[in-house]
Amino acid sequence: MVGSRVVVVGAGISGLTAAYRLVVDHPELTVTVLEAGPRVGGALATSPLEGTGLEVDEGADAFLVRVPWAADLCAELGLGEELVAPSARRASLWLDGVLRPLPAPNVLGLPLDPSTVAPGILAAADLNRLAGAGHPDVSLGDGDLSVGAVVRACVGDAVHERLVDPLLGGVNAGRADDLSCTTMAPQLLAAARSGDGLLGSLRATQRSVDPAAPVFNAPRDGMERLVAALAGRLGARVRRNTPVVSLNRVPDGWAVGTADSGAVVADAVVVATPAHAAAALLAPVAPDGAGTLAEFVHASVVLATVAFRRADLVTPEDRSGFLVGRSEGLLMTACSFADRKWSHLDDGNHTVLRVSCGRVDDDRPADLDDRSLSEALLADLATTLDADARPSALRVSRWPRSLVQFPIGHAKRIAEVDRDLSDRAPGVVLAGAVRYGVGIPACIRSGTEAATAAATHRT
Ligand SMILES: Cc1cc2nc3c(=O)[nH]c(=O)nc-3n(C[C@H](O)[C@H](O)[C@H](O)COP(=O)(O)OP(=O)(O)OC[C@H]3O[C@@H](n4cnc5c(N)ncnc54)[C@H](O)[C@@H]3O)c2cc1C
């Protein structure tokens, strides 16, 4: 008999997707979503920026459209017409105390044409190497490697440290020298191992890419629109303020214990929390898998949304923002020009910046209260953008232990977790950013696959 009750733990984008898929594709199932907090959406949250009349994302503000999952889900939810692409697409880099344009085209910061690298970023020898095919100078073997190992071997240390690490490390607040290339940048690993060399292969692929095609999309009203569309389909199946505190096997399935409203019994359970929370829940039922999950490191990040009167600060019209290398001595790691990127945030009166800080190896933001953190970031904005005026709005959004890191061999570790779950906790399925990556499409993929696994679990 196929079980008929499924509980989803966690109502971030991964859990909401899993629940939505279960409800739509398997209407015969009883689906319950248990969310610890008062709101759903996890790291997707759009809210008013006081004093501006603007609704601005506090966490993620866009998703990649060169992979299918997020765009497909939006289309299915009827949001296709509401999707917009950033108006400004070219980013810069704060390097050696100067803002410099990122080379274009680039793949994860890797320039495909050395003539587009702005002066001062690389030495002549590095540019010469970039003019070649990018064959590795050491054997890359056939296992997983760090992104840093691949890039350093093919195009040298400076390209890695001055371009790729600031960009890729910025994506999940990690160190590209420690990140699995198979998980974070599989296209780089495949290209580096191809007979054409890293750059030769990427250039060939790039020729088939329409340079005008958008790379990112977002709903016009912010990412919360996607959350609301999913939550709307789920209705009363979602129980907020219901932290799950235990998971136990019972004769008729799994008892999912909540902090103060008893247990919900289910035939299958999708655990869609961050890996550290999943590790705690799974420890009694799948100790090896839980142990593996507990080893994952999570970076804590803070996103400050800062609005200046347009009269006080104007950002370049064609720029989407800038990244900051780890050796620049600033607290900020990136600054996105939100009103340049998104026409719906361009009210003609405000310059809206989304300023990020915190990395896996930089916990300074956690040690600063909101006031000290704000002052430090304003000082960084004065340094980088000559933004000396007082802002008209400033909001601090903290995201503790939100961005999981993907060490070398990550895919094997997840396979081990899956094996332990299927051996010792059949019917319990892992979803979330820890599976395929922190990007929204990867999370949606994880939720979609978890729904299929949960629905087909046989009790
Ligand atoms: C500041 C920031 C900016 C980002 N920008 C982008 C971007 O622009 N584009 C992009 O693609 N990605 C971006 N990301 C990454 C992306 O937003 C996240 O990886 C993704 O939203 C994670 O979704 P999730 O559902 O897996 O986890 P989460 O969003 O963390 O949701 C997990 C949910 O589980 C709940 N939970 C935890 N423990 C329990 C428990 N015991 N019981 C019940 N519920 C529990 C939590 O309350 C939470 O609601 C960003 C992330 C951050 C933090």
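Bear in mind that the values here come from a model prediction, so they are computed numbers and not experimental data.

Draft legend 1. Geometry of the overall build of the protein. Across its full length, the protein carries 17 helices and 22 strands. Across its three principal directions, the C-alpha atoms of the protein cover 70 × 55 × 40 Å. For the protein, the residues scored as buried account for 54% of the 459 residues in total. Taking all contacts inside the protein whose residues are at least 6 apart in sequence as the whole, residues at least 24 apart take part in 74%. When the accessible surface of the protein is split by element, carbon and sulfur atoms take 53% of a total near 18500 Å². Of note, the protein has its 42 positive side-chain charges centred 2 Å away from the centre of its 54 negative side-chain charges.

Draft legend 2. Focus on the domain arrangement of the protein. Taken as a whole, the protein is organised into domain 1 (5-43 + 221-296 + 406-455), domain 2 (103-207) and domain 3 (299-404). Between domain 1 and domain 2, the C-alpha centre-to-centre distance is 35 Å. Between domain 1 and domain 2, the contact holds eight residues from the first and ten residues from the second. Remark: the boundary between domain 1 and domain 2 carries zero salt bridges.

Draft legend 3. Summary view of the side chain of Arg340. Inspection of the secondary structure puts Arg340 in helix H12 (residues 338-341). No salt bridge is formed by the buried Arg340, whose closest oppositely charged neighbour, Asp339, lies at an N-O distance of 4.7 Å. When neighbours within four sequence positions are excluded, Arg340 is seen to be in contact with Ser87, Ala88, Val314, Thr315, Pro316, Glu317 and Arg319.

Draft legend 4. Looking closely at the environment of Leu323. For Leu323, the location among the structural elements is in strand S18 (residues 319-324). In this structure, the C-alpha to C-alpha distance between Leu323 and Asp420, residues 97 residues apart in sequence, is 40 Å. Each residue touching Leu323, except ones within four places of it in the same chain, is listed here: Ser92, Leu93, Trp94, Leu102, Pro166, Leu167, Thr333 and Ala334.

Draft legend 5. The pairing of strand S11 (residues 216-219), seen in detail. Note: strand S5 (residues 63-64) against S11, two bridges, orientation antiparallel. Residue pairing in the sheet places Leu64 in a bridge with Phe216 of S11. Note that strand S6 (residues 83-84) and S11 share two bridges and pair antiparallel. Within S11, the position partnered with Leu83 by the bridge is Pro219.

Draft legend 6. Spatial organisation of unusual backbone geometry. Cis rather than trans, the peptide bond between Ala104 and Pro105 has omega equal to 0°. For Asn241, which is not glycine, the phi dihedral falls at a positive 50°. Its location among the elements puts Asn241 in the loop between strand S12 (238-239) and strand S13 (244-250). The class for Asn241 is partly exposed, based on a relative accessible area of 49%. A positive phi angle, close to 45°, is found at Arg401, a residue other than glycine. Within the secondary structure layout, Arg401 lies in strand S21 (residues 393-404). A relative accessible area of 42% places Arg401 in the partly exposed class.

Draft legend 7. A look at the site of the ligand. Around the ligand sit 32 residues, and of these Ser14, Glu35, Ala62, Val438 and Ile440 come closest. At a separation of 2.7 Å, an oxygen atom of the ligand approaches a polar side-chain atom of Ser14. Here a nitrogen atom of the ligand and a backbone polar atom of Ala62 are 2.7 Å apart. Relative to its unbound accessible surface of 1000 Å², the ligand loses 83% to contact with the protein.

Draft legend 8. Looking closely at helix H5 (residues 157-171). Its 15 residues place the ends of H5 20 Å apart at the C-alpha level, agreeing with the 21 Å of an ideal helix rising 1.5 Å per residue. A maximum bend of about 50° is found in H5 at Val164, where proline Pro166 lies one to four positions downstream. Listed in full, the buried residues belonging to H5 are Ala158, Val159, His160, Leu163, Val164, Asp165, Pro166, Leu167, Leu168 and Gly169. In the segment just after H5, Ala173 is the residue with positive phi, at about 55°.

Draft legend 9. Local environment of the pattern of salt bridges. Per the stated rule, a full pass over the model turns up 29 salt bridges. In this structure, Lys341 engages Asp61 in a salt bridge whose closest nitrogen and oxygen atoms are separated by 3.2 Å. With a gap of 280 residues between them, Lys341 in helix H12 and Asp61 in the loop between strand S4 (54-57) and S5 connect regions that are remote in the sequence. Here Lys341 falls in the buried class, since its relative accessible area comes to 14%. Overall, the relative accessible area of 11% leaves Asp61 in the buried class.

Draft legend 10. Spatial organisation of the packing of aromatic side chains. Evaluated as defined, the whole model comprises one aromatic pair. Ring geometry for Phe322 versus Phe337: centroids 6.1 Å apart, planes at 65°, classification edge-to-face. With Phe322 in strand S18 and Phe337 in strand S19 (residues 332-337), this residue pair connects regions lying 15 residues apart in the sequence. One exposure class covers both Phe322 and Phe337, and it is buried. For Arg445, the ring lying beneath its charged end belongs to Tyr436, and the centroid distance is 3.6 Å.

Reading the values: rules and limits
- Residue positions within a chain follow its written sequence, with the count starting from 1.
- Two thresholds apply to this predicted model, a pLDDT of at least 70 for residue-level local features and 80 or more for giving and counting side-chain atom pairs, whereas whole-chain, interface and lining totals are computed over all residues.
- Only hydrogens and water are set aside when side-chain values are computed; all heavy atoms of the structure are taken into account.
- Only runs of H or I of at least four residues qualify as helices and only runs of E of at least two qualify as strands under DSSP, and these elements are numbered from the N terminus.
- Working definition: with a 1.4 Å probe on protein chains only, accessible area under 20% of the residue-type maximum means buried, over 50% means exposed, and in between means partly exposed.
- The criterion used for residue contact is that any of the two residues' heavy atoms lie within 4.5 Å.
- Residue-level accessible areas treat just the shown protein chains as cover; the underlying method is Shrake-Rupley with a 1.4 Å probe.
- In this charge count, Lys and Arg are treated as positive and Asp and Glu as negative; neither His nor the chain ends contribute.
- Each charge is placed at NZ for Lys, CZ for Arg, CG for Asp and CD for Glu.
- Residue ranges for the domains originate in an automatic or database domain assignment.
- Throughout this description, the term salt bridge denotes a Lys or Arg side-chain nitrogen within 4 Å of a carboxyl oxygen of Asp or Glu.
- The pairing criterion is simple: DSSP has to find at least two bridges between the two strands.
- The near set for a molecule or strand comprises every residue that places at least one heavy atom within 4 Å of it.
- Any pair of nitrogen or oxygen atoms within 3.5 Å is treated as a polar contact; in protein, a donor-acceptor pairing is required on top of that, and neighbouring residues in sequence qualify only through side-chain atoms on both sides.
- Under the convention used throughout, the expected extent of a helix is 1.5 Å for every residue step, that is, one less than its residue count.
- One fitted axis covers the seven residues ending at a residue, a second covers the seven starting there, and the bend at that residue is the angle between these axes.
- Classification of ring pairs rests on two measures: the distance between centres of Phe, Tyr or Trp rings, Trp counted by its six-membered ring, which must be within 6.5 Å, and the angle between planes, read as stacked under 30 degrees, edge-to-face over 60 and tilted in between.
- As a reminder, the over-ring test applies to NZ of lysine and CZ of arginine, requiring each to be within 6 Å of the ring centre and within 35 degrees of the ring normal.

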